[in-house]
Amino acid sequence: MAKGIVIREAHFPGRAPIEAYGNGGFRFADMSNRGSLLCLPSGIHGWEPADPLALTVADFSKLLAEAGKVEIVLVGTGKDLRPLPAALRAALKEAGIAADPMSTGAAVRTYNVLLAEDRAVAAALIAVD
């Protein structure tokens, strides 16, 4: 007997440009996602960092698991640019991933360009209103 609605982790199994952002979410591949996104070679994942204002290494565990396929991660830090914590920068560097924090809007635009160039890019995008 059914136990009600089953909520699964948000995941799109492919790479796609981000078509729009704002109002607390993103639109891509003719779909939408409410909340933040982690765009990896394995696909686009719903992403909920524990504290968007204080990102941690644990928030990037899926990215670090795919480190061999990623050269650069664009980190959309919301409406404003915020530096990445030293521990996170060090973990990404140790994994061979360059990190570039910027506003979410700038990260979306840059991600789309690098994706179109078929670059080994990932993006961690914090949703903005």
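Residues numbered from 1 in each chain as written. Predicted model: local features only at pLDDT ≥ 70, side-chain atom pairs only at ≥ 80, totals over all residues. Heavy atoms only, no water.

Asker: Before we move on, can you summarise the sheet that holds strand 4 (residues 31–34) with the specific residues and values?
Answerer: In a beta sheet, neighbouring strands are held together by backbone hydrogen bonds and run either parallel or antiparallel to one another. Within the open sheet, the three strands sit side by side as 2-3-4. Their pairing is antiparallel. The open sheet has two edge strands, strand 2 (18–22) and strand 4, and neither has a second partner. Strand-to-strand twist across the sheet, computed as the mean angle between neighbouring axes with direction ignored, equals 15°. Pairing between strand 3 (residues 25–28) and strand 4: four bridges, direction antiparallel. Note that in strand 4 the partner of Arg27 across the bridge is Ser32. Against the sheet, helix 3 (residues 104–116) engages strand 2 and strand 3, with an angle of about 180° to strand 2. (Pairing = 2+ DSSP bridges. Helix = DSSP H or I, 4+ residues; strand = E, 2+ residues; numbered from the N terminus. Axes fitted to C-alpha atoms, helices over the stretch in contact; angles between N-to-C directions. Contact = heavy atoms within 4.5 Å.)

Asker: Summarise the pattern of salt bridges; cite the residues concerned and give the values.
Answerer: For the coordinates displayed, the defined rule picks out two salt bridges. Between Arg27 and Glu19 there is a salt bridge; the shortest N-O distance is 3.8 Å. For Arg27, a relative accessible area of 44% puts it in the partly exposed group. Of the charged contacts, one joins Arg119 and Glu117 as a salt bridge, the two residues approaching to 3.6 Å between their closest N and O atoms. Exposure remark for Glu117: the relative accessible area of 47% places this residue in the partly exposed category. (Salt bridge = Lys/Arg side-chain N within 4 Å of Asp/Glu carboxyl O. Buried < 20%, exposed > 50% of the residue type's maximum accessible area, 1.4 Å probe, protein only.)

Asker: Residues and numbers for the pairing of strand 5 (residues 36–40), please.
Answerer: Strand 5 sits mainly inside the fold: five of its five residues count as buried. Alternating residues of strand 5 divide into Ser36, Leu38 and Leu40 and Leu37 and Cys39, and every residue in both groups is buried. Two strands pair when backbone bridges link them, and strand 5 and strand 6 (residues 43–47) are joined in this way by five bridges, in the antiparallel orientation. Bridge pairing in strand 6 places Leu40 opposite Gly43. Hairpin remark: strand 5 followed by strand 6, antiparallel, with two residues in the connecting loop.

Asker: Please provide a residue-by-residue account of the packing of aromatic side chains, values included.
Answerer: Applying the stated rule across the entire model yields one aromatic pair. Centre to centre, the rings of Trp47 and Phe60 are 5.4 Å apart; their planes meet at 70°, and the pair counts as edge-to-face. With Trp47 in strand 6 and Phe60 in the loop between strand 6 and helix 1 (61–65), this pair connects stretches of sequence that are 13 residues apart. Both residues of the pair, Trp47 and Phe60, count as buried. (Phe/Tyr/Trp six-rings, centres within 6.5 Å; stacked < 30°, edge-to-face > 60°.)

Asker: Tell me about the nonpolar core, and name the residues and values.
Answerer: The biggest cluster of nonpolar side chains holds 18 residues, and the ones touching the most others in it are Ile18, Phe26, Leu37, Cys39, Leu74, Tyr111 and Leu125. Contributions of two or more residues to this core are made by strand 3, strand 5, helix 3 and strand 9 (121–125). Leaving out residues up to four positions away in the same chain, Leu74 has contacts with Asp100, Met102, Ala107, Thr110, Tyr111, Leu114, Val121, Ala122, Ala123 and Ala124. Of all hydrophobic cores here, the second largest spans 17 residues; its members include Leu63, Val70, Leu88 and Leu92. (Core = buried A, V, L, I, M, F, W, Y, C linked by side-chain atoms within 4.5 Å.)

Asker: So what's going on with unusual backbone geometry? Residues and values would help.
Answerer: The backbone of Asn23 sits at a positive phi, close to 50°, despite the residue not being glycine. Take Asn23: it is sitting in the loop between strand 2 and strand 3.

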